[in-house]
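# Breakdown of the fold
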Amino acid sequence: MSATLPPLRSALDPAGEAFRARAARMAERLAEVRALQDKVVAASASKAERFAARGQLLPRERVAALLDRGSPWLELSPLAGLGMHDDDGKKDVMGGGSIVGIGVVAGKRVLVSASDSAIKGGTVAPMGLKKALRAQELARENKLPLVTLVESGGANLLYQAEIFVDGGRTFANQARLSAAGIPQIAVVHGASTAGGAYLPGLSDYVVLVRGRSSIYLAGPPLVKAAIGEDSNEESLGGAQMHAEVTGLGEYLAEDDAHAIALARALLDQLPWDTVAPRAPAPEPLFDAEELMGVVPADEREPYDVREVIARVVDGSAFLEFKAAYATDTVCGHARLHGHAVGLVGNNGPIQPQGSTKAAQFIQLCDQSGTPLVFLQNTTGYMVGRAAEQAGAIKHGSKMIQAVANARVPKFTVVLGGSFGAGNYGMCGRGFDPRFIFAWPSARTAVMGGAQAAQVMDIVNRNKLRRQGIEPDEEALAAMSDGLRRRLDAESTALFGTARLWDDGIIDPRDTRRILGLCLDIAAEAAHRVLRPNTFGVARL
């Protein structure tokens, strides 16, 4: 299709002052993200001597050894929990205590979840749990084998009230993944104790490391206190005991490297489809570097989403749907790394006509089995008398219905603003996109900080008038300013990624590559045939 379509034209001026200002601001935001990600990696690497003295590989070394050399790796939610719980968002940046991503092992696409035991022993905080649940969701949706590299102190007891109940969902998910026919391999590099003992117990295959793995429900001190029995870690749950006595482990390795090699050998033996080489596709006509200067520093300043599309899709070719109708909402067909896609983007607020246009287009893509890509930058659905009388709620509901019920894979990139119900209609996290990413310029909130402050000022003034009280201008200004600053702080890309509102903040220049990889993953899943059973695989 792209070969026969005229390419999009660009009005972007990379030499212009506006472009340079936008690119500089984007580079500044991106540098902040990368600096924080680097802190997570550095915190883990700082324990290299300690791990080497124990004859162990660092967690990221384990992941690297597991993956096929030179194969694509997509790390997910590397800043989970930023500024929350034990993560102070500045010096102690922990990444949720785990490394999660999709890569290739023995030629097969897999989801990898590794405890980052070099950071606080790999203990799990609430957002680390949320990250683990998201990993399981991605494995289920994309029919990916799940390889877990385990060495964890378990749940952080300081936050047990936020972890315990939902933590049970991880085990229910493991049982359901096994029953669905999705293999799970646990490599136990160290401790996996108390409730965490059920992680290997519910895995289909377990690789143990001699002298390092420890899997038990209660350790020696608790056993002594509970039943008066003297014991040690090996007799309760050591690697050799589980390999020879309980049968919990299928494979016994001599060290971390051997354990990883066994996991790779096991995946090599499993009859699972291998990653096929991607067919060549025409590159966009415009340089991806120019994506740095597309989005204005101020989300209220308009820009044309076609400038993004032109730098992402094959050959910059785009068949626009109803181009002259409801022009604030841009819809159309293109190919991305050879995959047919339907794109929905924003050039401003979503008008009632834009809602019906998008709803129709989404339904047509669902009818034809065409994956959808949403490029978010909107202040939300249009408000005001004219919009309300034109059916804003009725027509907006049609768009939300279409997004919620579309069966095709959906992919979302938050480029700029994602405000109000626009976040919903453009397939935000609550509408279960297969993957969702954010640019450093993304802002997500119920409304902008300035708008919220103005609303609060009007509400407070009306309340005081009804009570016959003269407004205290200084107090009202302080309240409005406080709300504005709070919403501005809570709408940033970093605030959202910490809470897993997305699967990670990406470099705008990587948008095409990442979307292409995600489309590959979804297409493979659509053709993959699983062999489900009734209750999952149990050790007998």
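Coordinates for the structure precede this section.
Residues numbered from 1 in each chain as written. Predicted model: local features only at pLDDT ≥ 70, side-chain atom pairs only at ≥ 80, totals over all residues. Heavy atoms only, no water.

## Here's the deal with the overall build of the protein chain
Across its full length, the protein chain holds 19 helices and 14 strands. Taken over C-alpha atoms, the radius of gyration comes to 26 Å for the protein chain, in line with the 24 Å a tight globule of 540 residues would show. Taken over the C-alpha atoms alone, the protein chain extends approximately 75 × 70 × 45 Å along its principal axes. When the 540 residues of the protein chain are sorted by exposure, 52% land in the buried category. For the protein chain, long-range pairs separated by at least 24 residues make up 75% of all intrachain contacts whose partners lie at least 6 apart in sequence. (Helix = DSSP H or I, 4+ residues; strand = E, 2+ residues; numbered from the N terminus. Rg over C-alpha atoms; globule rule 2.2 N^0.38 Å. Buried < 20%, exposed > 50% of the residue type's maximum accessible area, 1.4 Å probe, protein only. Contact = heavy atoms within 4.5 Å.)

## A short note on helix α3 (residues 59-66)
When α3 is considered as a whole, its buried residues turn out to be P59, R62, V63 and L66. In an axial view of α3, the angular spread of the buried residues amounts to 95°, which keeps them on one side of the axis. (Arc of directions from axis to C-beta.)

## Here we look at the packing of α3 against helix α10 (residues 256-269)
Packing of α3 against α10 leaves a shortest axis separation of 9 Å and a crossing angle of 35°. For α3 against α10, the interelement crossing comes out right-handed. Across the interface between the two elements, R62, A65 and L66 from α3 touch D256, I260, A263 and R264 from α10. For the contact of α3 with α10, a count of residues per class yields four nonpolar, no polar and three charged. (Axes fitted to C-alpha atoms, helices over the stretch in contact; angles between N-to-C directions. Left-handed = near helix turned anticlockwise from the far one by under 90°. Nonpolar A, V, L, I, M, F, W, Y, C, P; charged D, E, K, R; others polar.)

## A short note on the pattern of salt bridges
Counted according to the given criterion, the structure contains 33 salt bridges. In this structure, D230 and K224 form a salt bridge, with 3.0 Å as the shortest nitrogen-oxygen distance. Note that D481 is salt-bridged to R484, the shortest N-O span being 2.5 Å. Here the residue D481 and the residue R484 both occupy positions in helix α17 (residues 473-490), the gap between them amounting to three residues, near one helical turn. Bridged by salt links that share partners, the residues R34, E289, D507 and R509 form one connected network. (Salt bridge = Lys/Arg side-chain N within 4 Å of Asp/Glu carboxyl O.)

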